[in-house]
Structures are given as structure tokens and as C-alpha cells.
Amino acid sequence: MGYEELIDEALTTPFEGWDFTVFRGRVTYDGTLPWDYEQLVRDRLPKASALLDLGTGGGELLASFAPLPPRTVATEGHAPNVPIARRRLEPLGVEVTETTGSLPDGSFDLIINRHEAYEPREIRRLLAGGGTFVTQQVAGRDLEEINEALGAPPHRNRAWDLATATAGLSGLDVIWSQEACFTTTFHDIGALVLFLRVLSWQVPGFDVDTYGARLRALHTDMEDGRPLRATAHRFVAQYVQV
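Residues numbered from 1 in each chain as written. Predicted model: local features only at pLDDT ≥ 70, side-chain atom pairs only at ≥ 80, totals over all residues. Heavy atoms only, no water.

### Points about the packing of helix α8 (residues 189-198) against helix α9 (residues 212-223)
Defined as follows: Fitting a line to C-alpha atoms yields each axis, with helices limited to the stretch in contact; the angle taken between N-to-C directions then spans 0 to 180 degrees. Helical segments are the DSSP runs of H or I of at least four residues, strand segments are the runs of E of at least two, and each set is numbered from the N terminus. Angle categories are assigned with fixed cut-offs, so that under 35 degrees is roughly parallel, over 145 is roughly antiparallel, 65 to 115 is roughly perpendicular, and the rest are oblique. The contact criterion used throughout is that any non-hydrogen atoms of two residues lie within 4.5 Å. We call Asp, Glu, Lys and Arg charged. Ala, Val, Leu, Ile, Met, Phe, Trp, Tyr, Cys and Pro are nonpolar, and the rest, Gly among them, are polar.
One can describe the packing of α8 onto α9 by two numbers: an axis separation of 9 Å at closest approach and a directional angle of 135°. Relative to α9, α8 is oriented oblique. On α9, the residues that touch Ile-189, Leu-192 and Val-193 of α8 are Leu-215, Leu-218, His-219 and Met-222. A per-class count over the contact of α8 with α9 returns six nonpolar, one polar and no charged.

Okay, structure coming up:
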């Protein structure tokens, strides 16, 4: 497909929850994380009686952990995902809410979070004594080559990293943590535009008209066998409420 067709497809392709299979073959990854977030969670589930999943998306990952603890709650702040999460999770006995504000203090012995912003004060409030918080986060310098290639502003939270996150969770003991990077490659301009449409925080205010000249230049590069490569930054940590 040509540039216009790829852009049109990117702007009209339906996208629900956090199902990234639409990018298969169009966005590839060189390298893997030296940890398995899903296994970290599974290792904790047998001893959990109350689980909170922050930022569940469409509930895809949480549903894969079934059977779930007797009390399981999931939050999702992106409004279009809420009904999707409820359709998937409520049959499993999961309560889906948009915020944590109404949840009782100290009511969860396991809180999990993959790639969702969180309030340290809320983690401390909601986690029971001896409870565990497991989180995998996208660091502030994630995929910054995209912003550079488009001439877009850098991330506002560029300093967000493991040290900053751990300092913010004072009062909890970190029992294990790690940081890692891998390369993400965008092979066609449509995949990049769809990615920026879905992950709108990467380039706030992104639209194809504002960045048209840079997008066309990137499209030419990709057609000539020079895909856009960017560095993904991740960190993971397990904390316990003392």
C-alpha cells in the first residue's frame, strides 16, 4: 500500500483493550526482558486472598490468571476499555471500577500493575500489612527515538525510572527489582501511526497533518528498507508493605 492508504488504514482500524496482535509482523522486537511479569504474578497468586489489578485494559491479562483470588478488583481509567473489561471479567467474579477511591484501606494482600501510572499514597493505603505490590513500568525515556524522528517534544516524565519509583514508595520494602531495554522496530508508517493513535501519550497532540512531512520522510525510509528503530525501556519491582 502507498502512504495515503497506510495512513487511512491506521486512522480507521478498530482497536479494543490492549490487544496488540494487530501489529504482528509490522512491529517487531529485538531482545526480550530478563524477567517474566506474568510468572511473577502467578507465583504470588496462590497465597493471595484479595487481588487488585491496576489498569487492567480490556482485562485480557487478568482473565488469563484465572482462577482468581476470592476477592478480585480491577481498575481501568481509559473509558472505552471499561465496558470491554466488564464483559470479560465480571463473569469471573471480578469487580471493575474506574478508580480506587471507594476501596477500603488495607483491603488487598496483592496489588499488580503493568504499565499503569499509580499514586504511591494509594498503594500504601490499599495494601494490607505484609502484602505485595508487583509492578512493571514503562520508563520515561521509552521509545524516545520516535519523538526525535518526528521532531516532537521529549517526554515530560523523562526522569521516571526505577530509582524514582522506589523513592516514591517510601514505607514499602523493595524485595526485588530490575531494569532492561530492547529494540522495537516499526516496519511501515501505518503501524507507527496506529501505535501513536493508541498510545497517545507517546506524542501528545499527535496528528498526521502536523507531522505530515516527517511521516512522509519516514515512509520513504521504510519503503527503502530503513525501518524506524527505537529503544524500549522497562523496569520491574516487587515491594512489600512492612
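### Some details on the side chain of Asp-142
Threshold: Relative accessible area decides the class of each residue, using a 1.4 Å probe on protein chains only: under 20% of the type maximum gives buried, over 50% gives exposed, and in between gives partly exposed. Here a polar contact means two N or O atoms within 3.5 Å. Within protein one must be a hydrogen donor candidate and the other an acceptor candidate, and residues neighboring in sequence count only if both atoms are side-chain atoms.
Relative to the elements of secondary structure, Asp-142 occurs in the loop between β6 (127-138) and α6 (144-150). Residue Asp-142 is classed as buried on the basis of its relative accessible area of 6%. Looking at Asp-142, its side chain comes within polar contact range of the main-chain nitrogen of His-233, at 2.9 Å. The contact partners of Asp-142, leaving out residues within four places of it in the chain, are His-155, Gln-202, Thr-231, Ala-232, His-233 and Arg-234.

### Things to note about the packing of aromatic side chains
Applicable threshold: Put simply, two rings from Phe, Tyr or Trp (the six-membered ring, in Trp's case) pair if the centres are within 6.5 Å, and we call them stacked under 30 degrees between planes, edge-to-face over 60, tilted for the rest.
With the rule as written, the count across this model stands at 11 aromatic pairs. Between Tyr-118 and Trp-160 the ring centres are 6.1 Å apart and the planes differ by 65°, which places this aromatic pair in the edge-to-face class. With Tyr-118 in the loop between β5 (108-114) and α5 (120-126) and Trp-160 in the loop between α6 and α7 (162-168), the pair connects residues that are 42 residues apart, well separated along the chain. Take Tyr-118: its relative accessible area is 13%, and that puts it in the buried class. Taken together, the aromatic side chains of Phe-15, Phe-20, Phe-23, Phe-186 and Phe-195 make up a single cluster linked through ring pairs.

### Notes on the sheet that holds β6
Note the threshold: A pair of strands counts as paired when DSSP detects no fewer than two bridges linking them.
Spatially, eight strands are ordered β1-β7-β8-β6-β5-β2-β3-β4 in an open sheet, and the strand pairing comes out mixed. In this open sheet, the two edge strands, each paired with only one partner strand, are β1 (27-30) and β4 (94-97). Averaged over all adjacent pairs, the angle separating strand axes in this sheet is 20°, with direction ignored. The pairing of strand β7 (residues 172-186) with strand β8 (residues 228-241) spans 14 bridges and is antiparallel. Among the inter-strand pairings, Gln-178 is bridged to a residue of β8, identified as Val-236.

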